[in-house]
Amino acid sequence: MCQIYASTPPEEYMQHTRSIRLNGAVTSIRLEVRFWSILERISEQENTTLGRFLSTLHNEATSIHGEIDNFASLLRVVCTTSLEPKLAKKATA
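Now for a quick tour of the structure. Keep in mind the model is a prediction, meaning the values are calculated, not measured.

Ranked by size, the top nonpolar core spans 20 residues in total, and within it I29, L31, W36, L39, L54, F71 and L75 carry the most contacts. Aside from chain neighbours lying at most four places away, what touches L39 is L31, L50, F53, L54, L75, V78 and C79.

Listed below in structure tokens is the structure:
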């Protein structure tokens, strides 16, 4: 039952830290490699760089919710949210 999940290559769930510039300030974000790949795809779909996408996301989330306590967690949720419509389409196909 879990074969598709259990067979995930370890390099996909290894964590990777990147230095990112958010609104001019450099910060480090640690995410699994798979999440970085998804974020890169999202930024490409938005026709922007990863840094610009993350800055825009941070600005918009801050204006909606105030301080963001765990930006890395928000990024993981953004990734899963971006996949939900695709998963729903596969289920109905």
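Picking up after the structure, the text goes on.
For helix α3 (residues 33-45), with 13 residues, the first-to-last C-alpha span of 19 Å sits near the 18 Å given by 1.5 Å per residue. Those residues of α3 that sit buried are F35, W36, I38, L39, I42 and S43. Angularly, the buried residues of α3 cover 160° about the axis, an arc narrow enough to put them on a single face. Projecting away from the buried face of α3 at angles above 90 degrees are the exposed residues E44 and Q45. Once α3 ends, the next one or two residues include N47, with phi positive near 55°.

What follows covers the packing of α3 against helix α4 (residues 50-65). A pair of packed helices is captured by two measures, namely the crossing angle of their axes and the spacing between those axes. Where α3 contacts α4, the axes come no closer than 9 Å and their chain directions differ by 90°. Of the possible angle classes, the one that applies to α3 and α4 is roughly perpendicular. Where α3 abuts α4, its residues W36, L39, E40, I42 and S43 lie against L50, F53 and L54. Of the residues that constitute the contact of α3 with α4, the class distribution is six nonpolar, one polar and one charged.

Reading guide: rules and limits
- Residues numbered from 1 in each chain as written.
- Predicted model: local features only at pLDDT ≥ 70, side-chain atom pairs only at ≥ 80, totals over all residues.
- Heavy atoms only, no water.
- Core = buried A, V, L, I, M, F, W, Y, C linked by side-chain atoms within 4.5 Å.
- Buried < 20%, exposed > 50% of the residue type's maximum accessible area, 1.4 Å probe, protein only.
- Contact = heavy atoms within 4.5 Å.
- Helix = DSSP H or I, 4+ residues; strand = E, 2+ residues; numbered from the N terminus.
- Expected span 1.5 Å × (residues − 1).
- Arc of directions from axis to C-beta.
- Axes fitted to C-alpha atoms, helices over the stretch in contact; angles between N-to-C directions.
- Parallel < 35°, antiparallel > 145°, perpendicular 65-115°, else oblique.
- Nonpolar A, V, L, I, M, F, W, Y, C, P; charged D, E, K, R; others polar.

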